[in-house]
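# Survey of secondary and tertiary structure
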Amino acid sequence: MELYIFLAIFGLYVLISLLILPMQYRFLIALKAEEEKNRLKGKKQGDMYDAMNVSELSLHSNLQGNPLFFLANLFASIMYRVRHGGGGK
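### Focus: the pattern of salt bridges
All told, the structure shown has two salt bridges when counted by the stated rule. Ionic pairing is found between K37 and E34, a salt bridge with its closest N-O pair at 3.5 Å. Here K37 and its partner E34 are both found in helix 1 (residues 2–40), three residues apart, which amounts to about one turn of the helix. Among the residues examined, K37 registers a relative accessible area of 42% and is labelled partly exposed. Taking the shortest distance from any N to any O, the salt bridge between R39 and E36 comes out at 2.6 Å.

### Examining the side chain of N73
Among the secondary structure elements, N73 is positioned in helix 4 (residues 70–84). N73 sits in the buried class, given a relative accessible area of 13%. In contact with N73, not counting residues within four places along its chain, are Q24, L63 and Q64.

How each quantity is defined
Residues numbered from 1 in each chain as written. Predicted model: local features only at pLDDT ≥ 70, side-chain atom pairs only at ≥ 80, totals over all residues. Heavy atoms only, no water. Salt bridge = Lys/Arg side-chain N within 4 Å of Asp/Glu carboxyl O. Helix = DSSP H or I, 4+ residues; strand = E, 2+ residues; numbered from the N terminus. Buried < 20%, exposed > 50% of the residue type's maximum accessible area, 1.4 Å probe, protein only. Contact = heavy atoms within 4.5 Å.

Here it is as structure tokens:
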């Protein structure tokens, strides 16, 4: 019985992650574009985060640091690296 409950919860988590995946992927593309734009200006990644206002920084930390989004972030990162050839650096 416990196994069925675990599998149901895990399946729901995977389903939620797949539903969130397009949003996380678009966020990752926008973040990489912003990083590239700042790199061309000679700014470092830390400068980009220092220039963010509080609401952008809060949104970013919630989208990247929330444990609910871990699997979606992982899938989005893999998708980005496959589609964009390694993801830079």
